[in-house]
Each structure stands twice: as C-alpha cells, then as structure tokens.
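Chain residues, written in single-letter form:
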Amino acid sequence: MQIPIGLLGCGTVGAGVVSLVRRRADRVANMTGLRPVIQKILVRDVHKDRGVHFEHEQLTTSAEDILGDPNIQIVVETIGGIEPARTYILEALARKKHVVTANKDLIALHGPEILQTAAANGVSILFEASVGGAIPLLGPLQENLTANEVTDLKGIINGTTNFILSKMTEEGLDFDEALALAQELGYAEADPSSDVDGLDAARKLVILASIAFHTEVHLSDVRVEGIRHVTASDVRYADEAGYVIKLLADGRDRNGRLSLSVRPTLIPKSHPLAHVSDAFNALFVRGDAAGDLMFFGRGAGRMPTASAVVGDIIALVRNLKLGVVTSWPYALAGSRKPVVDFEDDLYKFYFRLMAADQPGVFAQVAHLFGELRVSMETVLQKRVAGGQAEIVIVSHEIPGKLAHEVATRLRAMPNIAVEAVMPVEPVNE
Ligand SMILES: NC(=O)C1=CN([C@@H]2O[C@H](COP(=O)(O)OP(=O)(O)OC[C@H]3O[C@@H](n4cnc5c(N)ncnc54)[C@H](OP(=O)(O)O)[C@@H]3O)[C@@H](O)[C@H]2O)C=CC1
Ligand SMILES: N[C@@H](CC=O)C(=O)O
Ligand code: NA
C-alpha cells in the first residue's frame, strides 16, 4: 500500500528529500508493507530547474492541492521561515495529517502552539532536521537520554558560521568570500544574516534546551552575539595565542536555573571542538547518569539535512504501521524555568584594543588590569597603520562581570578603543 506524501517547498533540502525518499522507498515497503511516495510538491515557480526529475510527482503552486487532499497522510515542510509555513503546518495538523519539518525558526518561536495542535489532533510532528542537520540530537535527547537530568549542552550548531570561521582561519579567506561560498554550497539560510548574527544557532539552542531541560524556552532567553565583528586579525591573534574562534552555543541547567548563550568564543587548540571545521556541527551533552557525550556530523547541506527529514518520514510510516503517534510532553508541561546570566562563572577573556601608538598607553592598560586584579596570560602588541597599535590580551580566569567592568573602564580611556571581548572556553570544566 502507498503512503502519499505532500512536500511543501523543494529547494536545497526539499530536492534532497525527493531523491532520498525514492532511494529508500523499496526498503521501507519491504520493512513495513507501506511505500512512501512523494505525491505533490508545492513550490513558487514550477519551471525552475531543481536538479531532480519529477516523473511521478506533480509540482503545484496551490497549498490546497496538498492540504485538501484526503489521501495525503504525511506533510513535509521545507519552505522555511514563519509564514506561510506556520499556517500550512497548523492546517495540516488540524486536518489530521502527520508533519515533518526542518524549520527551526518556526519550532523555536511557535513550538508549543504547534506541538499542542499536533497532540490535540492525535497526530505526530517530527523535526530532527531542525537542529544539527544529519546528526541525531532530538531523538536521543527525547528518547535515549530521557533517564538523565541533563545539565549542559555545549556546541557548534550553525554550519554557515563554522564554515566562514574555518575558511578565515585555514585558508585566509575574508568574511564575504567565505559567506558567498557557504551560500553556494546550500548551507546558509535564505536570509544569511540569521546565520551570521547568531540567531539560527540561538533558535536551535531554544529547541535543544526545551527538550533537554524539560521546559518551555523562549528566544529572548538566549543571549546572542554573532560573528560579524570577528575580524581576520582576531582569527590570527587567537591562532598565535593557541586558540581558534568558534560560534559556541552554551546551555546550562543549574538546579532549575538556566543560562543560555550563543557567542563567538576562543577554543583552545587542544579542545575537541577546535577540530570541528567547515559545515560540521558538534554538541556536547552532560547527563547525570550518562556522563559526557559528544555528537558530531554534518549540520547543513542538501543530503545531510534530507537524511534527518527522511528518517522522520520513515519513523512516521512505522508509526502508521503500528497505529501510534509520537508525543513531546515537554511542550505540554508549560513549565518555565528561570533564566539567569551566570556572571560569576569564571572564564579567561580575550580583549583586542586599538590604542594610540604612544609611550605610556600600554602602561595605562596594564595599570587598569593591575587595579582590577586581573592577571594577563598572553599579551601581544602589534603596530598597525595610522599611529594606532593593536593590543591583544588574554586574561587569566575572571568572572564575566569583571570582564565587563574591564571593558567599560577601557572604553572610558581617551586613547583606547575596545574592538573585541570574547570568552575562552576551558579545556576541562
Ligand atoms: N539548507 C540547509 O542546510 C538546512 C536547512 N534547514 C531548513 O530547511 C528549510 C528549507 O531550507 P532550504 O531548502 O535551504 O531553503 P530554500 O530556500 O532552498 O528552499 C525553499 C523552498 O520553498 C519554496 N517556497 C518558498 N516560499 C514559498 C511560498 N511562499 N510558497 C510556496 N513555496 C515556497 C521555494 O520555492 P521555489 O523553489 O519555487 O522558489 C523553495 O523550493 C528551512 O526551514 C531551513 O532553515 C535545516 C537544516 C539545514
Ligand atoms: N543555515 C543553517 C542550516 C542548517 O540548519 C546552518 O548554517 O547551520
Ligand atoms: Na538533527
């Protein structure tokens, strides 16, 4: 028996889904007696070349051809963004169709509404592709690790920024060249500013933290800083001091109080995350029973993302065979753990300053560090053009709030501009 599927959107990810469903249909049919078939595909432009042949499928520009078709039991959304994806998904769920989506924007912002609509209609919604592309993260957190109290999530969960920073570090590409390449390879979002400004990673952290910490998490709970201000000099100086710069997502649950951040962070070269390059993603998870786990793999791109989407489709076909639905109890609990800034946590900090290249200026900086009792691990002073010198300081471990005070006091000095302040990830926490 065939299981007709409606696909909403057929771009980078959707086209991968079409070809992978075809490749796996026989195996699923042998396994379950049910054959998934992509029956209808919603796009904006039916004439566009999508790199896949549509022999049996039918392209349409009308969502109703899918949502209103009673034979379609599974709807897969790979349009992206909030609207019209949200309306289509809610409509599909209301019409008792099971849904798979890769849309982290939507799940991060409207997850509770969507999950509750699925539950109210007795259907499943799966979204493994929304975080970490091909890497199984949501399934393991929700199922295999459910016996744990998860206390820490830490990782690189945006492929585009990791690709850009890797190309800047390893090949000396400038920011714009590296971004253009990431777009060409299909890693970036339709609006790449959500990658570059850290929002994509923040949305993924919202989804991960909701599931891992059993609470509703909002995007505004995450402190977000992107990589736009990270310069080629930062990359080079970090390298000289023994670090690489990564956009790090960090979620912690300390006795029911959460701290959530996404920010550029210096990673010691000896740290496993320092070796996660290109569009690869990695996530550390710490559970009270499991201890430390690390997940690693391709976090973006056509086939890696299709792998997760089609994995969810096959899970739904199995559900249909067994007559069960997948539920997500966290979103229904409606609990809200308090979110705080762990400003007392100790980190080394990287400061890059631009200072007048005059006698006494560095002494002023050193005096301030001494006065605030912040000792320096590394100091690099470079002469640059126009009578300005760049000073790079990596401090020993200090509380976040003290790093903030150092930066504020430096900014108040007439000859000094603070160009960058970034935390350094400890090797062993
Ligand atoms: N690219 C990646 O590596 C990853 C992407 N994702 C997520 O997957 C989703 C899809 O991303 P991606 O494939 O890269 O995006 P694309 O921009 O490549 O594809 C979007 C598709 O949706 C169609 N579409 C857009 N707007 C409408 C509309 N209003 N009505 C009907 N169809 C529409 C487009 O049609 P047309 O082609 O005719 O213009 C296109 O086929 C997003 O949620 C993204 O965040 C998740 C993980 C990784
Ligand atoms: N734009 C995203 C795609 C996958 O989620 C990324 O770069 O990670
Ligand atoms: Na995933």
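Residues numbered from 1 in each chain as written. Chains lettered and ligands numbered in written order. Predicted model: local features only at pLDDT ≥ 70, side-chain atom pairs only at ≥ 80, totals over all residues. Heavy atoms only, no water.

(A) Inspection of the coordination of the sodium ion (ligand 3) at higher detail. With distances of 2.4 to 2.8 Å, the protein atoms coordinating the sodium ion (ligand 3) are Glu128 (O), Glu128 (OE), Val131 (O), Gly133 (O) and Ile135 (O). Along the chain, the residues donating to the sodium ion (ligand 3) fall in the pattern E-x2-V-x1-G-x1-I. Take Val131 and Gly133: they sit in the same class, and that class is buried. (Donors = N, O, S within 2.8 Å, 3.2 Å for Na, K, Ca; no water. Buried < 20%, exposed > 50% of the residue type's maximum accessible area, 1.4 Å probe, protein only.)

(B) Quick look at the site of ligand 1. Ligand 1 sits among 24 residues. The nearest are Cys10, Val13, Arg50, Glu189 and Gly301. Considering only residue class, the shell around ligand 1 consists of 9 nonpolar, 9 polar and 6 charged. (Near = heavy atom within 4 Å. Nonpolar A, V, L, I, M, F, W, Y, C, P; charged D, E, K, R; others polar.)

(C) View of the sheet that holds strand β3 (residues 58-60). Read across the open sheet, the 6 strands follow the order β3-β2-β1-β4-β5-β6; overall the sheet is parallel. Of all strands in the sheet, those bounded by a partner on one side alone are β3 and β6 (125-126). Where strand β2 (residues 35-42) lies against β3, 3 bridges are found, and the strand directions are parallel. Bridged to Ile41 within β3 is Leu59. (Pairing = 2+ DSSP bridges. Helix = DSSP H or I, 4+ residues; strand = E, 2+ residues; numbered from the N terminus.)

(D) Examining the pattern of salt bridges more closely. A complete count under the given rule lists 32 salt bridges for this structure. In this structure, Arg86 engages Glu83 in a salt bridge whose closest nitrogen and oxygen atoms are separated by 3.1 Å. Judged by relative accessible area, which is 22%, Arg86 ranks as partly exposed. Overall, the relative accessible area of 43% leaves Glu83 in the partly exposed class. For the salt bridge of Asp105 with Arg203, the shortest nitrogen-to-oxygen distance reads 3.3 Å. Remark: Arg203 occurs in helix α9 (residues 199-212) and Asp105 occurs in helix α4 (residues 104-120); sequence separation between them is 98 residues. Per residue, the accessibility class of Asp105 equals that of Arg203, and both read buried. (Salt bridge = Lys/Arg side-chain N within 4 Å of Asp/Glu carboxyl O.)

(E) View of the confidence of the model for the protein. For the protein, mean pLDDT is 94; residues scoring 70 or higher make up 98% of the total. Listed scores for the predicted complex are pTM 0.96 and ipTM 0.99. (pLDDT = per-residue confidence, 0-100.)

(F) Representation of the layout of surface pockets within the structure. Roughly 550 Å³ of volume is contained in the second largest pocket. Taken together, the elements giving at least two residues each to the lining of the second largest pocket come down to β9 (243-254), β10 (257-268), β13 (346-356), α14 (400-411) and β17 (416-424). Examining the composition of the lining of the second largest pocket, we find that 6 residues originate from one element, β17, more than from any other. The class makeup of the residues in the lining of the second largest pocket is 14 nonpolar, 5 polar and 11 charged. (1 Å grid on protein atoms, 1.4 Å probe; cavity = no way out; pocket = protein on both sides within 12 Å on 5 of 7 lines; lining within 4 Å. Points joined across faces, edges and corners; volume = space filled by probe spheres on them.)

(G) Highlighting the site of ligand 2. Close to ligand 2 lie Lys104, Asn158, Gly159, Thr160, Tyr187, Ala188, Glu189, Asp195, Asp200, Lys204, Gly299 and Ala300, which account for all nearby residues. Note that a nitrogen atom of ligand 2 is positioned 2.7 Å from one of the side-chain N or O atoms of Asp195. Burial of ligand 2 by the protein chains amounts to 93% of its free accessible area of 250 Å². Along the lines of polarity and charge, the residues of the shell around ligand 2 split into 3 nonpolar, 4 polar and 5 charged. (Polar contact = N/O pair within 3.5 Å; in protein donor to acceptor, adjacent residues only side chain to side chain. Areas by Shrake-Rupley, 256 points an atom, 1.4 Å probe, with all protein chains shown as cover.)

(H) Main features of the environment of Ser335. By the secondary structure assignment, Ser335 is in the loop between α12 (329-333) and β13. Between the C-alpha atoms of Ser335 and Ser210, which are 125 residues apart in sequence, the distance is 9.9 Å. Apart from residues lying up to four places away in sequence, Ser335 is in contact with His214, Thr215 and Glu216. (Contact = heavy atoms within 4.5 Å.)

(I) Highlighting helix α6 (residues 159-170). Given a rise of 1.5 Å per residue, 12 residues ought to cover 16 Å, and the 16 Å separating the end C-alpha atoms of α6 matches this to within 8%. A large share of α6 lies buried, amounting to 10 of its 12 residues. Of the residues one or two after α6, Gly172 is the one with positive phi, at around 65°. (Expected span 1.5 Å × (residues − 1).)

(J) Region of interest: the packing of aromatic side chains. In total, this model carries 4 aromatic pairs according to the counting rule given. Ring plane angle 75° and centroid distance 6.3 Å describe the contact between Tyr347 and Phe349, whose orientation is recorded as edge-to-face. Across the pair, Phe349 and Tyr347 agree in class, each one buried. The cationic tip of Arg236 hangs over the ring face of Tyr237; the distance from NZ or CZ to the ring centre is 5.6 Å. The ring of Tyr347 has Arg263 lying over it, and the distance from NZ or CZ to the ring centre is 5.7 Å. (Phe/Tyr/Trp six-rings, centres within 6.5 Å; stacked < 30°, edge-to-face > 60°. Lys NZ or Arg CZ within 6 Å of the ring centre and 35° of its normal.)

(K) Structural view of the pairing of strand β4 (residues 74-77). The side-chain alternation of β4 yields two buried faces, one formed by Ile74 and Val76 and the other by Val75 and Glu77. With 4 bridges joining them, strand β1 (residues 2-8) and β4 adopt parallel strand pairing. For Gly6, the partnering residue across the bridge sits in β4 and is Val75. Pairing analysis gives 4 bridges linking β4 to strand β5 (residues 98-101), with the strands arranged parallel. Bridged to Ile74 within β5 is His98.

(L) Quick peek at helix α11 (residues 302-322). With 21 residues, α11 extends 30 Å between its outermost C-alpha atoms, agreeing within 8% with the 30 Å of an ideal straight helix rising 1.5 Å per residue. Burial in α11 covers these residues: Pro304, Thr305, Ala306, Ala308, Val309, Val310, Asp312, Ile313, Ile314, Leu316, Val317 and Asn319. Phi turns positive, to about 70°, at Gly323, one or two residues after α11.

(M) View of the packing of α4 against α9. Viewed as axis vectors pointing N to C, α4 and α9 meet at an angle of 50°, and their least axial separation amounts to 9 Å. The angle between α4 and α9 falls in the class oblique. When the axes of α4 and α9 are compared, the crossing they make is left-handed. Across the interface between the two elements, Lys104, Asp105, Ile107 and Ala108 from α4 touch Asp200, Arg203, Lys204, Val206 and Ile207 from α9. Residue composition of the contact of α4 with α9, grouped by class: 4 nonpolar, no polar and 5 charged. (Axes fitted to C-alpha atoms, helices over the stretch in contact; angles between N-to-C directions. Parallel < 35°, antiparallel > 145°, perpendicular 65-115°, else oblique. Left-handed = near helix turned anticlockwise from the far one by under 90°.)

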